[in-house]
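# Descriptive structure summary
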Amino acid sequence: MTERVTVTGPRRRRPPARRRAVTAEIDAQTQLGEVYMRALLRAQLRLSLAVAGVVLGLLATLPLLFALAPRVTAIELAGVPLPWLVLGGLIYPALVVAAWFYVRAAERVERDFGDMVNRS
């Protein structure tokens, strides 16, 4: 009767690596987690700079408009000079709209980041 012999050798394939969840990468502060967080912060910074740039740009043009067009400053509505009406009546609603837009866009950025993290 012939004896059977099992020949074994070292494994040639590495077992599949277990993927860590992205949230675990972020919590552990690994390099990959830092990349995700940097991307989120960069998106938030880009949004805030864009909104601030538009608001400051509009606010900066008003004094320039009043300086370049002195006839505009002479206009009165109901006894109130037009620059006062513009600054008191139009600027604040514009700031509220800009703030509303910023909050909605920031929530969208965070929601997209959460979807990306949960998807991976």
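Residues numbered from 1 in each chain as written. Predicted model: local features only at pLDDT ≥ 70, side-chain atom pairs only at ≥ 80, totals over all residues. Heavy atoms only, no water.

### Some words on a nonpolar patch on the surface
What counts here: The patches reported here contain residues having more than 30% relative accessible area and no salt bridge. Joining distances are 9 Å for like charges and 5 Å for nonpolar side chains (Val, Leu, Ile, Met, Phe, Trp, Tyr). Each accessible area value is a Shrake-Rupley result obtained with a 1.4 Å probe; residue values ignore everything except the protein chains displayed when judging cover. By definition, a salt bridge exists where a carboxyl oxygen of Asp or Glu is found within 4 Å of a side-chain nitrogen of Lys or Arg. Secondary structure follows DSSP: runs of H or I at least 4 residues long count as helices, runs of E at least 2 residues long count as strands, and numbering of each begins at the N terminus. Each residue's exposure class comes from its accessible area (1.4 Å probe, protein chains only) as a fraction of the maximum for that residue type: buried when under 20%, exposed when over 50%, partly exposed otherwise.
A cluster of nonpolar residues, Ile75, Leu77, Val80, Trp84 and Leu85, forms a patch on the protein surface that exposes about 470 Å² of accessible area. Relative to the assigned elements, Val80 resides in strand S2 (residues 80-81). You can call Val80 partly exposed: its relative accessible area is 32%.

### As for the UniProt feature "transmembrane region" (unreviewed entry) in the chain
Note the following rule: UniProt positions are given in the numbering used here, feature names are shortened, and annotations may be inferred rather than shown by experiment.
The feature "transmembrane region" (unreviewed entry), as given by UniProt, occupies residues 47-69 and 81-103 in the numbering adopted here. Spanning residues 47-69, this segment combines 96% helix with 0% strand, and its end C-alpha atoms are found 33 Å apart. Secondary structure over residues 81-103 splits into 96% helix and 4% strand, and the C-alpha atoms at its two ends are 33 Å apart.

### Thoughts on the pattern of salt bridges
Overall, the coordinates contain one salt bridge when judged by the stated rule. For Glu34, the salt bridge identified is with Arg38, shortest N-O distance 3.9 Å. Highlighted residues: Glu34 and Arg38, both in helix H2 (residues 31-68), separated by four residues, approximately one helical turn. Classification of Glu34 as partly exposed rests on a relative accessible area of 41%.

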